[in-house]
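Listed below, chain by chain, are the residues.
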Amino acid sequence: MIALASCAIKMENVTKRFGKVVANAHINLELREGEILSLLGENGSGKTTLMNQLSGIYFPDEGQIYVHDKPVTIASPKDAFDNGIGMIHQHFKLVDVFTATENIVLGLEGEGKFDLKAASAKISEICEKYGFDIKPDQKIYDMSVSQKQTVEIVKVLFRGADILILDEPTAVLTPQETDKLFDIMRAMKKDGKSLIIITHKLHEVLDVSDRVAVLRKGEYIGDVLTKDANQQSLTDMMVGHSVTLNIDRPEPKDPKPRLEIKNLTVYDELGVKRLDDVTFTAMGGEILGIAGVAGSGQKELLESIAGLYPIRSGEILFHDPEGGTQKDLVGMDPLDIKKTGVGMAFVPEDRLGMGLVGTMGMTGNMMLRSWRKGKGLFVDKKEPEQLANTIWKDLEVVTPSTSFPVRRMSGGNVQKVLVGREIAQEPAVLMSAYAVRGLDINTSYTIYNLLTAEKMKGVAVIYVGEDLDVLLELCDRLVVLCGGQVSGVVDARKITKEEVGLLMTQHRKEGA
Amino acid sequence: MAKVHTTHEPVILMSKRGEMLPAWKAWGIRVIAFFLSLIVSGIVIMMVSGLNPAAVFATMVDGAVGTSKRSWVTVRDAMTLLCIAVGLAPAFKMRFWNIGAEGQILVGAIASAACMIYFKNLPTPILLLTMIISSLIAGGVWGFFPGLFKARWNTNETLFTLMMNYIAIQLTSYFVALWENPFGSNTVGVINSQGKQGWLPNLFSDGYNKDFGWNVIIVLTVTLIMYLYMNHSKHGYEIAVIGDSENTARYAGIRVNKAYVRTIVFSGAICGLAGFVAVSGASHTISTSTAGGRGFTAIIVAWLAQFNSVVMIIFSFLLVFLQKGAQAIASTYNLSQEVSEMITGIILFFLLGSEFFVNYTIRFNKGKGANK
């Protein structure tokens, strides 16, 4: 670890503990002047904790931080700013009803009257310099996710940061937006800024960074120059042992229509049309992918099928694999659907807000699907307890006990609990929304394998995803949504990423 | 270029505990907080009044449990408070802010008193049963309306239940006027003071401690039932899920609106029963102060116990003990009630504050960080 260039940031022997848990153990990390460093690591490996000590959210228990080779103490976010360090968090911290400028200057101190015009001019200047497409007086609620992120970036640039830390910035972006963000990062690097990007996506690491530093279980494993690395070598470093990176995609097994969606149209509370005449069929024995820009109606589609969203018109026909008549699920709530005998499993996007009860342990969460079982007033806790233990063991969930609140588990473990429970229902239809969002590679592959295994059991799997590479590798067919309409139903084995990208932004022609 | 900033390192470091504290440690912290609060209130007493804190505390203990009569009053009031807190538990656990316990107690009390006045010729067991049932119904009805409006039109239950209190108070005033005895006193007086119809009978008597026991048995039974209901019944499970996330509840096939109405009716009914306990088991009369703010105090009890009805036993005793003790100080030393309320405030502050130490760890920086 001999630094050739001088260091923008040097962390020496940094240790951070939470109770008995060592989140960072004696970490030595360098960010050289004018480079883009990827910080890579599995879930819970301590990446965000480490960065939070640079941005003043946590204070290290041990160790020393140098900024531009000078020892500093960063005890608050203000100290971080004074040292030119700015962090763009995963969750945006913006006031919706304020303009970009107002958000950017919020919290700045200064003597006398604040000159909003001058600030606005300075923001325009920054935007022009890096090619940001936001207007200073645009309100946040009018902005796309990517624009909001841009505001966060401008916020730290405005405050004079020359060291930027981006915590999983691409998690919410489309491929096109991601490319744009990377161009911006390269432009900032050219301008002499030093950047750290935290990400799970390996192709992004290889795409944008100069050097990769790897953490594993709170320890610093090492760093490599990006040009000397590939997906496989990085994964091995991160996980600690060799992992196969290919998603196994067997041919669909005896595909038969399981769920027929016909002319489905829904409106939200404000009377805005969210789904417009959506028609497609999900087959048993295949994985049907749903692609689309975030907010194209994916959430509404799955919730409509699950009986959680009011449906204006259309049909949702369920074909029972055991034979028998078709059942229209429109107008049923989840309880009706269950009583009708439709095996419907749903892994929603909002894991803790819809799929699980955060304050309960694994057992309590298993009961979400079984609590109604049995006659009488009282719940049966034995069966859920057994199921919890099975999932705990089979999916290698990291938790001290089956009664430990799931909201205190890490994201990957939360998802294992949720997916494990849904699969245990032995469903006929399995829907999942962003099933691997925020998960590390290892867990993501566990999830892919579980879904594929369900497909081979003859289940109709519906997979809403955001990573096009994965959608194209995992799914058999793709439904592409654009603005609440189906802009294409395509064979995932034959179509390219670019073609899907086009469908995602191309509205279906009316009439014809 | 950014200037290098020199701030001092923080001396106190706080962080959320990585894992949950074992129960005995958590309770240890709470007990320590309680004793610390006694020390601090002792200091405050000395500074304010110049009295010997030890003597003041002794007076408190004496005032609360000094004689068997006083002990009984403390137990009796604790039971009434416990009953209300137990009633509030399901509503609060579901994040339904039932501020209307006052009103629910009053209508329960009115129902009980009405039975005592109009059905006093019924045999005792049947009369008592009628009183219990009618107070449950009255409290339930008082809870039903806010619940229905919440479920149907998503009205704010805090305001709704609060306003129901005022209706109940006015209603009580009306019945007090109707049942006025003796004429012109503007009170109802002790109902059935001759025959004691509708009074909770003695379970065991030591001569002058009337009615000893039945309150305890009724309320403890309700507490136990509530504990089982909340922790082991399907309804209890629904309540816990709804309280955590309404969306998760809908996802799990729980009919949220139905559960809202059912739970708030249940909650109101138990608070109504507390009205029965207060009238039949304690005052044997009714006035607008029958609830006496206990509907609000019980909220503190329920929260402190984190809606665990068995733990509520401890906290309702503690609060009543403090109240009685405070009254004793006030009368013995001629201090104003405010001084004694300060003591209660200090103790509650420490108890609520101790939850921070249960959830967070604190370390003191030894100052090695910067100069390795």
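Residues numbered from 1 in each chain as written. Chains lettered and ligands numbered in written order. Predicted model: local features only at pLDDT ≥ 70, side-chain atom pairs only at ≥ 80, totals over all residues.

Peer 1: Which residues make up the overall build of chain B, and what values do they have?
Peer 2: The helix and strand inventory of chain B stands at 13 helices and 2 strands. Expressed along its principal axes, the backbone C-alpha trace of chain B runs to roughly 90 × 60 × 35 Å. Out of the 372 residues belonging to chain B, those deemed buried represent 42%. Pairs at least 24 residues apart make up 76% of the contacts formed inside chain B by residues separated by at least 6 positions. (Helix = DSSP H or I, 4+ residues; strand = E, 2+ residues; numbered from the N terminus. Buried ≥ 20, exposed ≤ 12 C-beta atoms within 10 Å, placed from the backbone. Contact = placed C-beta atoms within 7 Å.)

Peer 1: Give me the domain arrangement of chain A: which residues, what numbers.
Peer 2: Taken as a whole, chain A is organised into domain 1 (7-239), domain 2 (253-343 + 426-512) and domain 3 (354-425). The C-alpha centroid of domain 3 of chain A is placed 35 Å from the C-alpha centroid of domain 1 of chain A. (Domains from an automatic or database assignment.)

Peer 1: An account of the environment of A:Lys189 is requested, with residue identities and associated values reported.
Peer 2: Residues and elements named next belong to chain A. Position of Lys-189 among the secondary structure elements: in helix 6 (residues 175-190). The partly exposed category is assigned to Lys-189, around which 18 C-beta atoms lie within 10 Å. As a C-alpha pair, Lys-189 and Met-366 span 177 residues in sequence and 48 Å in three-dimensional space. Apart from the residues lying within four places of it in its own chain, the contact partners of Lys-189 are Gly-34, Ile-36 and Leu-195.

Peer 1: Give a detailed account of helix 9 (residues 298-305) of chain A, specifying residues and quantitative values.
Peer 2: Residue and element names in this part refer to chain A. The buried count for helix 9 comes to 7 of 8 residues, which makes it a mostly enclosed element. Burial in helix 9 covers these residues: Gln-298, Glu-300, Leu-301, Leu-302, Glu-303, Ser-304 and Ile-305. Where helix 9 ends, the next residue or the one after it, Gly-307, has phi of about 85 degrees, a positive value.

Peer 1: Hey, could you go over the confidence of the model for chain A for me, with residue numbers and the actual values?
Peer 2: Overall, the predicted model of chain A reaches an average pLDDT of 87, with 97% of residues at or above 70. Note on residues 508-512 of chain A: pLDDT under 50 across the span, and 2 contacts to partners over four residues away in sequence or across chains. (pLDDT = per-residue confidence, 0-100.)

Peer 1: Can you lay out the confidence of the model for chain B for me, pointing to particular residues and giving the numbers?
Peer 2: Residues and elements named next belong to chain B. Residues with a pLDDT of 70 or more make up 91% of chain B, whose mean pLDDT is 86. Note on residues 1-6: pLDDT under 50 across the span, and 13 contacts to partners over four residues away in sequence or across chains. Within the model, pLDDT remains below 50 along residues 367-372, and this stretch shows 9 contacts once partners closer than five positions in the same chain are excluded. Quick note on the complex model: pTM equals 0.79, ipTM equals 0.80.

Peer 1: Account for the environment of B:Ile242, with residues named and values stated.
Peer 2: Residues and elements named next belong to chain B. Considering the arrangement of structural elements, one finds Ile-242 in helix 8 (residues 234-244). Taking the C-beta count within 10 Å as the criterion, Ile-242 has 24 such neighbours and is therefore assigned buried. In sequence terms Ile-242 and Met-94 are 148 residues apart; their C-alpha atoms lie 5.7 Å from each other. Once residues lying within four places of it in the same chain are set aside, the contact partners of Ile-242 are Met-94, Ala-249, Ile-254, Val-256 and Ala-259.

Peer 1: Give me the lowdown on the sheet that holds strand 19 (residues 477-482) of chain A, citing residues and values where you can.
Peer 2: All names here are of chain A. With mixed pairing, 6 strands are arranged side by side in an open sheet as 16-17-18-13-19-20. The open sheet has two edge strands, strand 16 (344-347) and strand 20 (485-491), and neither has a second partner. For this sheet, the mean inter-axis angle between neighbouring strands, taken without regard to orientation, is 15 degrees. Strands in contact with helix 15 (residues 441-456) are strand 13 (287-291), strand 17 (429-433) and strand 18 (460-464); relative to strand 18, the strand with the most contacts, it is inclined by about 150 degrees. In this fold helix 17 (residues 497-505) packs onto strand 13, strand 19 and strand 20, with an angle of close to 35 degrees to the strand it touches most, strand 19. (Pairing = 2+ DSSP bridges. Axes fitted to C-alpha atoms, helices over the stretch in contact; angles between N-to-C directions.)

Peer 1: Break down the nonpolar core for me, with residues and values.
Peer 2: A:Tyr463, B:Cys83 and B:Ala85 are the most contacted members of the largest nonpolar core, which totals 235 residues. Residue contributions to this core peak at 15 residues, all from helix 10 (residues 256-283) of chain B. Other than its neighbours up to four places away in sequence, B:Cys83 contacts B:Val219, B:Val222, B:Ile270, B:Leu273, B:Ala274 and B:Val277. (Core = buried A, V, L, I, M, F, W, Y, C linked by C-beta atoms within 7 Å.)

Peer 1: Lay out the packing of helix 8 of chain B against helix 10 of chain B with the relevant residues and their values.
Peer 2: Axes are the key here: two packed helices are described by the angle between their axes and the distance separating the axes. Residue and element names in this part refer to chain B. Two elements in contact, helix 8 and helix 10, have axes whose closest approach is 11 Å; the angle formed by their N-to-C orientations is 110 degrees. By the angle between their directions, the pair helix 8 and helix 10 is classed as roughly perpendicular. The chirality of how helix 8 crosses helix 10 is left-handed. Judged by residue contacts, Glu-238, Ile-239 and Ile-242 of helix 8 engage Val-256, Ala-259 and Thr-263 from helix 10. Of the residues assigned to the contact of helix 8 with helix 10, the class counts are 4 nonpolar, 1 polar and 1 charged. (Parallel < 35°, antiparallel > 145°, perpendicular 65-115°, else oblique. Left-handed = near helix turned anticlockwise from the far one by under 90°. Nonpolar A, V, L, I, M, F, W, Y, C, P; charged D, E, K, R; others polar.)

Peer 1: Provide a residue-level description of unusual backbone geometry, including the pertinent values.
Peer 2: The phi angle of most residues is negative, glycine excepted, and most peptide bonds adopt the trans form. B:Asn181 connects to B:Pro182 through a cis peptide bond whose omega is -5 degrees. Of note, A:His68 is a non-glycine position whose phi angle comes to about 50 degrees, a positive value. You can see A:His68 is positioned in the loop between strand 4 (62-67) and strand 5 (70-72). The backbone of A:Asp69 sits at a positive phi, close to 70 degrees, despite the residue not being glycine. Within the element layout of this structure, A:Asp69 appears in the loop between strand 4 and strand 5. Look at A:Asp69 and you get exposed, because 12 C-beta atoms sit within 10 Å.

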